[in-house]
Amino acid sequence: MIIFNKQGLLSFILLLSIGMVLAACGGNEGGGDGGESGGEGTQNWKFVTEEVEGQVQYEYAQEFADRMNEKSDGQVNIEVYEYGGLGTESDQVEQLQGGAVEMAVMSPGFTGNMVKEGQVFALHFLFPDSVEQTQEILNTSEALNTDLVEKYKEHSITPLSFWTEGAMQWTSSKKIETPEDFQNFKMRTQTSPLILESYKAYGAQPTPMSWSELYTALDRGTVEGQENPIFFIGDASFHEVQDYMTISNHNNYVAMTTVNSDWFDGLSEDLQNMVTETTEEMQEWVFEEQKKQNEEYLETIKNDEENKTEIIELTEEQRDQFREKAMPVRDFYREEVSTVDGEILDKLEQEIKDIAGE
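Residues numbered from 1 in each chain as written. Predicted model: local features only at pLDDT ≥ 70, side-chain atom pairs only at ≥ 80, totals over all residues. Heavy atoms only, no water.

Enquirer: Run through the overall build of the protein chain, naming residues and quoting values.
Expert: A count of helices and strands for the protein chain gives 13 helices and 11 strands. Across the protein chain, contacts joining residues at least 24 apart in sequence account for 73% of those joining residues at least 6 apart. With an accessible surface of roughly 16200 Å², the protein chain has 46% of that area assigned to carbon and sulfur atoms. (Helix = DSSP H or I, 4+ residues; strand = E, 2+ residues; numbered from the N terminus. Contact = heavy atoms within 4.5 Å. Areas by Shrake-Rupley, 256 points an atom, 1.4 Å probe, with all protein chains shown as cover.)

Enquirer: Please provide a residue-by-residue account of empty space enclosed by the protein, values included.
Expert: For the coordinates displayed, the defined rule picks out 2 cavities of 30 Å³ or more. Considered as a void within the structure, the largest cavity measures approximately 330 Å³ in volume. Grouping the amino acids of the lining of the largest cavity by side-chain chemistry returns 13 nonpolar, 12 polar and 6 charged. Roughly 30 Å³ of internal volume is contained in the second largest cavity. (1 Å grid on protein atoms, 1.4 Å probe; cavity = no way out; pocket = protein on both sides within 12 Å on 5 of 7 lines; lining within 4 Å. Points joined across faces, edges and corners; volume = space filled by probe spheres on them. Nonpolar A, V, L, I, M, F, W, Y, C, P; charged D, E, K, R; others polar.)

Enquirer: For the pairing of strand β5 (residues 157-172), give the residues involved together with the corresponding values.
Expert: Of all 16 residues in β5, 15 are buried, a share of seventy percent or more. In the sheet, β5 pairs with strand β10 (residues 252-260) via 8 bridges, with the strands oriented antiparallel. Paired with S161 across the two strands is T257, which belongs to β10. One ladder, built from 3 bridges, connects β5 with strand β9 (residues 244-247); its direction is antiparallel. Directly across from T171, in β9, lies its bridge partner M245. (Buried < 20%, exposed > 50% of the residue type's maximum accessible area, 1.4 Å probe, protein only. Pairing = 2+ DSSP bridges.)

Enquirer: I'd like a description of helix α13 (residues 343-356), backed by residues and values.
Expert: The terminal C-alpha atoms of α13 lie 20 Å apart, and with 14 residues this matches the ideal 20 Å at 1.5 Å per residue to within 8%. All of the buried residues along α13 are I344, L345, L348, E349, E351 and I352. All buried residues of α13 lie within an arc of 165 degrees about the axis, which places them on one face of the element. Seen from the open side of α13, the exposed residues pointing more than 90 degrees away from its buried face are E343 and D354. Looking at the buried positions of α13, the neighbouring elements they touch are α4 (131-140), α5 (142-153) and α12 (328-337). (Expected span 1.5 Å × (residues − 1). Arc of directions from axis to C-beta.)

Enquirer: Before we move on, can you summarise the pattern of salt bridges with the specific residues and values?
Expert: Side chains carrying opposite charge are able to pair once their charged atoms draw close together. Applying the stated criterion across every chain yields a total of 17 salt bridges. Two residues, K308 and E305, come together in a salt bridge whose shortest N-O distance is 3.0 Å. Pair check on accessibility: K308 and E305 agree, each one exposed. E316 is the salt-bridge partner of R319, the closest N and O atoms lying 3.0 Å from each other. Linking R319 with E316, this pair stays in helix α11 (residues 316-326), spanning 3 residues, or about one helical turn. A residue is classified by how much of its surface remains accessible, and R319, at 3% relative accessible area, is buried. What makes E316 partly exposed here is its relative accessible area of 41%. Members of the salt-bridge network, linked through shared partners, are E63, R67, K71, E277 and E281. (Salt bridge = Lys/Arg side-chain N within 4 Å of Asp/Glu carboxyl O.)

Enquirer: So, the side chain of S72: which residues are in play, and what are the values?
Expert: With respect to the helices and strands, the residue S72 is situated in the loop between α2 (56-71) and β3 (76-81). For S72, the side chain forms a polar contact with the main-chain nitrogen of V76, separated by 2.8 Å. (Polar contact = N/O pair within 3.5 Å; in protein donor to acceptor, adjacent residues only side chain to side chain.)

Enquirer: Please provide a residue-by-residue account of the packing of α5 against α13, values included.
Expert: Put simply, α5 and α13 touch, their axes get as near as 9 Å, and they point 160 degrees apart. Our classification of the angle between α5 and α13 gives roughly antiparallel. Considering only the axes of α5 and α13, their crossing is left-handed. Residues E142, A143, L144, D147, L148 and K151 of α5 form the contact with α13, whose own contacting residues are I344, K347, L348 and E351. Class assignment for the residues of the contact of α5 with α13 results in 5 nonpolar, no polar and 5 charged. (Axes fitted to C-alpha atoms, helices over the stretch in contact; angles between N-to-C directions. Parallel < 35°, antiparallel > 145°, perpendicular 65-115°, else oblique. Left-handed = near helix turned anticlockwise from the far one by under 90°.)

Enquirer: Please provide a residue-by-residue account of the packing of aromatic side chains, values included.
Expert: Following the criterion strictly, the structure yields 20 aromatic pairs and no others. Each ring, one from F182 and one from F322, has its centre 6.2 Å from the other, and the planes form 80 degrees; the classification is edge-to-face. In this pair, F182 sits in the loop between β5 and β6 (186-189) while F322 sits in helix α11, placing the two residues 140 residues apart along the sequence. Assessed through its relative accessible area of 0%, F322 is described here as buried. (Phe/Tyr/Trp six-rings, centres within 6.5 Å; stacked < 30°, edge-to-face > 60°.)

As structure tokens, then:
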């Protein structure tokens, strides 16, 4: 038994009171509901991606985390999760909405059923052939960075930036050179209804599927082809179970850096500025990263002697055949998908013309 005299008891109570006050002051300053305290002013955030270590999204998130940690003198600690660490692409969207994670790199193709206007990225031959010009549009477009962002905010998601992971190409078990080659072709797609419509326009049978199931599905013939940037095709080894890769450049794979809206709004102004500044810095970094990875993996696929993949480069005349089939899908977007009568698409098309001269 510990016995206190009157003076000792008063001292003990005073020390206990001071300790409680200090503990209350040392909480998660500016962290909102999403971050857990790791000490006075310390921020612990979760950043989830749709790709695995080594791929563009994961490397982006890790570089982002490193920069934030350095800028904050170690006060911001971001744990990066590769695909599968917290579930499927759809699971990750729900986790961001609910605040289980603070940040996410996500593809509009997996939010198309929720944010109808985000399906604009599924339109083939919308962006310029130049990936550099496409990134300029993604950086500066008011249709995307203001109008579309507001649509996501209605669902507790705030996109901070849009960026390309490179031009999309097709891999397949048969040659794809004309729209007729897609007739009754089982094509894996993301879940966006407009992506499905884009492939129906070619006569294909689109099949929504998570990418974690795709390698096995291609190997077994459950689906016959898929679309992705070259780095993803190579790193996921899809070329091992596909006979052909068609260089079509029919679209760009666009990713978004997103945050939970309530969490971000609850951050201190200093932290908000630090996140925004880092996001802007990362635009140039990620463009160079995707370019490097796409170029390196194209050589890897070309020189893979064990898994021979025939590479088909479409001529402009062949691409025009696909473009002609794809154009009516824009009317489908305006009439059947858009909740604002296609206003975002109309503005975006004008912005593309202004930059690309199309």
